[in-house]
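Summary of structural features
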Amino acid sequence: MYKPISDNKRFEPKMKTGDINKWRTRLLECHEQIPYDLLLLADETIEAINKYVFDSNIYVVEIGHKLIAAYVMYPLNENEVEIKNIAVDKAYQGKGIGRFLLQDASVRAKEENRQSLLIGTAAVALKQLNLYQKAGFELFDVKYDFFITNYPEPIFQDGVMLKDMIMLRKAIK
């Protein structure tokens, strides 16, 4: 059973425009089902998700009673936390929710007195890399052959086989 590793405070960051003001994140409660349907949009298998999800906090965004987005924060050490998974329901993509989730994660990392927030993505994932860099993340490492060694089957994105993972870091101030 999933068990969150921190309290269940509702978070309402200050945003500037339109729909963003109605989005709220909350910590997924321990009695709730892990939203694998969302998390599988950003990771290939439940087995891969299960390697980190039970030692993480899952934050979700709902409209009504429907989960439309989620991200998973995994503590690396007392100074760093990593976003292991960030996903938005396909029907809600392109509306700024991903950017909102990144800001939400940054604020939570600051509240936890972390110095850095990390996130990784495939080297060929230009859309994600662009989003992360606009949110203040900077390239700091490459995990060579990550997708080859960590997944049993080859993974393709836009016809290109995934091989390396780009790691980005954001300093928390």
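Read on for a plain summary of the structure. (Residues numbered from 1 in each chain as written. Predicted model: local features only at pLDDT ≥ 70, side-chain atom pairs only at ≥ 80, totals over all residues. Heavy atoms only, no water.)

**A closer look at the overall build of the protein chain**
- Along the protein chain, the regular secondary structure elements total 5 helices and 9 strands.
- Overall, the protein chain shows an N-to-C arrangement of helices and strands of β-α-α-β-β-β-α-β-α-β-α-β-β-β.
- Within the protein chain, the proportion of its 173 residues that are buried is 45%.
- A separation threshold of at least 6 residues defines the contact pool for the protein chain, and within that pool the share at least 24 residues apart is 64%.
- Counting every atom, the protein chain has about 9,800 Å² of accessible surface; 50% of that belongs to carbon and sulfur. (Helix = DSSP H or I, 4+ residues; strand = E, 2+ residues; numbered from the N terminus. Buried < 20%, exposed > 50% of the residue type's maximum accessible area, 1.4 Å probe, protein only. Contact = heavy atoms within 4.5 Å. Areas by Shrake-Rupley, 256 points an atom, 1.4 Å probe, with all protein chains shown as cover.)

**A look at the sheet that holds strand 6 (residues 138-143)**
- Strand order across the open sheet formed by 7 strands is 1-2-3-4-5-9-6, with mixed pairing between neighbours. Both edges of this open sheet fall to strand 1 (25-27) and strand 6, since each of them pairs with a single strand only. Sheet twist, expressed as the average angle between the axes of neighbouring strands with direction ignored, equals 30°.
- As defined by bridge partners, strand 6 adjoins strand 9 (residues 165-171) across 5 bridges and the pair is classed as antiparallel. Among the inter-strand pairings, D141 is bridged to a residue of strand 9, identified as M167.
- The strands that helix 3 (residues 97-111) touches are strand 1, strand 2 (57-63), strand 3 (66-75), strand 4 (80-88), strand 5 (116-122) and strand 9; relative to strand 3, the one it contacts most, it runs at about 40°.
- Helix 4 (residues 126-134) rests against strand 4, strand 5 and strand 9 of the sheet, and its axis sits at about 165° to strand 5. (Pairing = 2+ DSSP bridges. Axes fitted to C-alpha atoms, helices over the stretch in contact; angles between N-to-C directions.)

**A few points about the side chain of S106**
- The topology assignment puts S106 in helix 3.
- For S106, a relative accessible area of 9% translates into the label buried.
- A polar side-chain atom of S106 sits 3.0 Å from a polar atom in the side chain of K170. (Polar contact = N/O pair within 3.5 Å; in protein donor to acceptor, adjacent residues only side chain to side chain.)

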